[in-house]
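Each chain is listed here by its residues.
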Amino acid sequence: MPKTTLTLSEPVAKTLKIYTAQTKSSLRAQSQVVEDALIEFFERHNVKIEA
């Protein structure tokens, strides 16, 4: 899987960390949380994800 680097504001990064720890029981799942959020964002904006 390709990797990318993101720069997040401190409040968003903190929220991501807290949400991931509470819902996934592991901070390693942050990538999955971000990917799920991006998929949802693209679907709401009718952007096709190339396979």
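So, here is what we can say about the structure in this document. Keep in mind it's a predicted model, so treat the numbers as computed, not measured.

Some words on a nonpolar patch on the surface
Where nonpolar side chains cluster on the molecular surface, the patch consists of Leu-6, Leu-8 and Val-12 and spans about 270 Å² of accessible area. Mapped onto the elements of the fold, Val-12 is located in helix α1 (residues 10-24). Relative accessible area serves as the criterion here: at 46%, Val-12 is assigned to the partly exposed category.

Points about the pattern of salt bridges
Per the counting criterion, the structure on display carries 1 salt bridge. Residues Glu-40 and Arg-44 are paired through a salt bridge, measuring 4.0 Å at the closest nitrogen-oxygen approach. Highlighted residues: Glu-40 and Arg-44, both in helix α2 (residues 30-44), separated by 4 residues, approximately one helical turn. The exposure class assigned to Glu-40 is partly exposed, which follows from its relative accessible area of 46%. The exposure class of Arg-44 is exposed, given its relative accessible area of 58%.

Considering unusual backbone geometry
Positive phi outside glycine occurs at Ser-25, with the angle close to 60°. Tracing the backbone shows Ser-25 in the loop between α1 and α2. Residue class for Ser-25 comes out exposed when judged on its relative accessible area of 69%. Positive phi outside glycine occurs at Asn-46, with the angle close to 55°. Its place among the elements puts Asn-46 in the segment after α2.

Basis of the calculations
Residues numbered from 1 in each chain as written. Predicted model: local features only at pLDDT ≥ 70, side-chain atom pairs only at ≥ 80, totals over all residues. Heavy atoms only, no water. Patch = residues over 30% accessible without salt bridge, like charges linked within 9 Å, V, L, I, M, F, W, Y side chains within 5 Å. Areas by Shrake-Rupley, 256 points an atom, 1.4 Å probe, with all protein chains shown as cover. Salt bridge = Lys/Arg side-chain N within 4 Å of Asp/Glu carboxyl O. Helix = DSSP H or I, 4+ residues; strand = E, 2+ residues; numbered from the N terminus. Buried < 20%, exposed > 50% of the residue type's maximum accessible area, 1.4 Å probe, protein only.

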